[in-house]
Amino acid sequence: MVSYLDFEKPIAELENKVRELRQTSAADSGDITEEVERLEAKAEALLRQTYAKLTPWQKMQVARHQDRPHFEDYVARLTDGFQPLAGDRRFGEDPAILGGICRFRGRSIMLIGHEKGRGTDGRLRHNFGMAKPEGYRKAIRLMEMADRFRLPVVTLVDTSGAYPGIGAEERGQAEAIASSIEACLRIGVPMIAAVVGEGGSGGAVALAAANRIIMLEHSVYSVISPEGCAAILWNDREKAKDAAEALRITAADLLKLKVVDEVVPEPSGGAHRDPDATIDAVGDAVERHLRLIAAAEPVALREGRRRKFLDMGRVL
Amino acid sequence: MSWLTETVLPKIRSFARKSDTPDNLWVKCPNCGQMVFNKEMAENAHVCPKCDHHLRIGPAARFEILFDGDYTRLEVPEVAADPLKFKDSKRYTDRIKEARAKTGERDAVQVAEGRIGGNRAVVAVQNFAFMGGSMGMATGEALVVASDRAVAEHLPLIVVAAAGGARMQEGILSLMQMPRSIVAVERVRDKGLPYICVLTDPTTGGVTASYAMLGDIQIAEPGALIGFAGQRVIEQTIRETLPPGFQRAEFLLQHGMIDMVVHRKKLKETLARLIDQIINREGTLHPGPEVEIPPPGEIPHGAALP
Ligand SMILES: [Zn+2]
């Protein structure tokens, strides 16, 4: 069952009508089949048209869609023998960030990413993908382990941001994020980051200071949530739509600004309409980039990463 | 960089700025509300003589407090202006213009080189008065300039941070200054040069989550607000009132997040001592002059060996 977003109402109406007609048509009545086919074609065309020109705010909603493939879906489809590794060895285990060693298309890799969780229980267990210091410190530990074992690091970014809480601040949320970015920049193994949902602020960069950054077509990556930006700059959270436009958060914008290296197209109607095809497309892109830098020397990888971020915004 | 821009202009500017501040004006302490003579406040390192509150100060005042005397401003190359053509209730270009008029500076971070207790150092100061000190491309550029100089001249780097966070008007490009600034300060650290961070009121958001928390030594001014998330955001998320002193310098010290809280009037001598001990360490890893090293084989059992 598809769960529709607000702007998909016209599509929902058509698709529901198709479903109704299918259920009521007892037999292969020629008339109804024709009508169903006509409506289906119309719905598909409308879906394609709508998704071809989504506004930034609509993309934000697609990126946050509850059925959008998550970290665990990528693990299930793209990897073999994923062994989750837990804990930061200092304070605790944070399931908002998952990570572990696995086999990906013939290579051993360290896969790390945010997991927002699914369903009420799942979302609570993973804290909606909002990590605490122990989550970033686990990521640092795993990146350093990958460096030692010469395993490429692949990260999947999908978070609304780092968790704002008393304990998180007491345990050094800022330092944890800063050190995680620093770890990304320091490791001597290839690192590829894929923004597959929401790339929310510092909590996202913490896993994304990589050699290559790819982004799903309808995912977003932003310095602040449009709601937060609207509250601060417009003094009105309702202006989130305007903020989403102004902030340039879409994959196409970020490609133009040379912040990401590749945009991976999504199936018509967004990743949640065909999770398998989406996950395979991300897998293909990651594999392609990995192949290009897999044999590079540690120094070259480290220097390449530093150069990439030093140049960012310098040449537009 | 010419001799004029490097040496003369900053002196003229700092001279002009000095006489800009009328000595006969009062300033109201934002903490205790007492009226204090401007001149008295400046002579007291902009710390309230009545309640010891540390007022927010800009680069010019900070350089004067930290450097022995003369210092040289380092030029920061221009960055792309308003790459997103950002406009909220105001245009970003207009906000920049206003901030420039208000502060007399090009952007939030100013860099200078001079001597602190006799030793040369590069100091970058973030100005909260310039759009809340916000970190944009110009911040990244200033830190790159500062770190380049530190590496080239083999000098310690001191960053005095003050910012609400990233500059939203530059969108993703401001977010990218987090890794960019970290690359800058890491290059200094890689050379075995000290990177010392002084956190002042307030330092929050993407600035604390990048270069401002990665100092070899982390110093904070008393009472400074330092944290990642804003207090209102935290309250709205957890629906609890925050404990007293939350996210203040003393709170961070208690939780092991910084090395020390230092009064502004002790800041210079503290930095001078640290820099001197770290930089002037020739001979530290040689045996002292009185010691004769026994030939191999004659080292007694139980002696500490590396
Ligand atoms: Zn006072």
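From a predicted model like this one, the values you see are computed outputs, not experimental measurements.

How each quantity is defined
- Residues numbered from 1 in each chain as written.
- Chains lettered and ligands numbered in written order.
- Predicted model: local features only at pLDDT ≥ 70, side-chain atom pairs only at ≥ 80, totals over all residues.
- Helix = DSSP H or I, 4+ residues; strand = E, 2+ residues; numbered from the N terminus.
- Buried ≥ 20, exposed ≤ 12 C-beta atoms within 10 Å, placed from the backbone.
- Contact = placed C-beta atoms within 7 Å.
- Nonpolar A, V, L, I, M, F, W, Y, C, P; charged D, E, K, R; others polar.
- Axes fitted to C-alpha atoms, helices over the stretch in contact; angles between N-to-C directions.
- Parallel < 35°, antiparallel > 145°, perpendicular 65-115°, else oblique.
- Domains from an automatic or database assignment.
- Pairing = 2+ DSSP bridges.

In terms of helices and strands, chain B carries ten helices and ten strands. Counting only residues that meet the buried cut, chain B has 44% of its 306 residues in that class.

It is worth spelling out the interface of chain B and chain A at this point. Residue-level contacts link 42 residues of chain B with 39 residues of chain A. For the side of chain B that touches chain A, the elements supplying multiple residues, two or more each, are helix 5 (137-153), helix 6 (171-175), helix 7 (177-190) and helix 8 (231-238) of chain B. The element that contributes the greatest number of residues to the side of chain B that touches chain A is helix 7 of chain B, accounting for six residues. The residue makeup of the side of chain B that touches chain A, split by class, is 28 nonpolar, ten polar and four charged.

Residues and elements named next belong to chain A. Two elements in contact, helix 10 (residues 226-234) and helix 11 (residues 240-247), have axes separated by 8 Å at closest approach and are oriented at 100°. By the angle between their axes, helix 10 is roughly perpendicular relative to helix 11. Across the interface between the two elements, Pro226, Glu227, Cys229, Ala230, Leu233 and Trp234 of helix 10 pack against Ala240, Asp242, Ala243, Ala244 and Leu247 of helix 11. A per-class count over the contact of helix 10 with helix 11 returns nine nonpolar, no polar and two charged.

Under the domain assignment, chain A is made up of domain 1 (6-53) and domain 2 (60-311). One C-alpha centre belongs to domain 1 of chain A, the other to domain 2 of chain A; they are set 36 Å apart.

All names here are of chain A. Looking at the element boundaries, Gly122 is found in helix 5 (residues 119-125). Given 15 C-beta atoms within a 10 Å radius, Gly122 is considered partly exposed. For Gly122 and Ala174, which are 52 residues apart along the polypeptide, the C-alpha to C-alpha distance reads 26 Å.

Before going further, it helps to examine the pairing of strand 6 (residues 212-216) of chain A. Residues and elements named next belong to chain A. Most of strand 6 sits inside the fold, with five of its five residues counted as buried. Where burial is concerned, the two faces of strand 6 agree: the one with Arg212, Ile214 and Leu216 and the one with Ile213 and Met215 are both buried. Here strand 6 runs beside strand 8 (residues 262-264); their pairing, made up of three bridges, is parallel. What sits directly across from Met215, in strand 8, is Val263.

Another aspect to go through is the domain arrangement of chain B. Residue and element names in this part refer to chain B. According to the domain assignment, chain B consists of domain 1 (26-55) and domain 2 (56-279). When each unit is reduced to the centre of its C-alpha atoms, the spacing between domain 1 and domain 2 is 23 Å. Every contact between the two is made by six residues of domain 1 and, on the other side, ten residues of domain 2. By residue class, the composition of the side of domain 1 that touches domain 2 is three nonpolar, three polar and no charged.

For the rest of this paragraph, the subject is the pairing of strand 2 (residues 97-104) of chain A. Residue and element names in this part refer to chain A. Sheet topology places strand 1 (residues 80-84) next to strand 2; three bridges connect them, and they run antiparallel. Residue Asp80 lies in a different strand from strand 2, and its bridge partner there is Arg103. Pairing analysis gives eight bridges linking strand 2 to strand 3 (residues 107-114), with the strands arranged antiparallel. When the bridges of strand 3 are listed, Phe104 appears paired with Arg107.

Another aspect to go through is unusual backbone geometry. Here Asp201 of chain B and Pro202 of chain B are connected by a cis peptide whose omega angle stands at -15°. One non-glycine residue, Asn127 of chain A, lies in positive phi territory at about 50°. Inspection of the secondary structure puts Asn127 of chain A in the loop between helix 5 and helix 6 (133-149). In this structure Asn127 of chain A comes out as buried when scored by C-beta crowding, with 21 C-beta atoms within 10 Å. The phi angle at His154 of chain B is positive, at roughly 60°, despite the residue not being glycine. Structurally, His154 of chain B is set in the loop between helix 5 and strand 6 (157-163).

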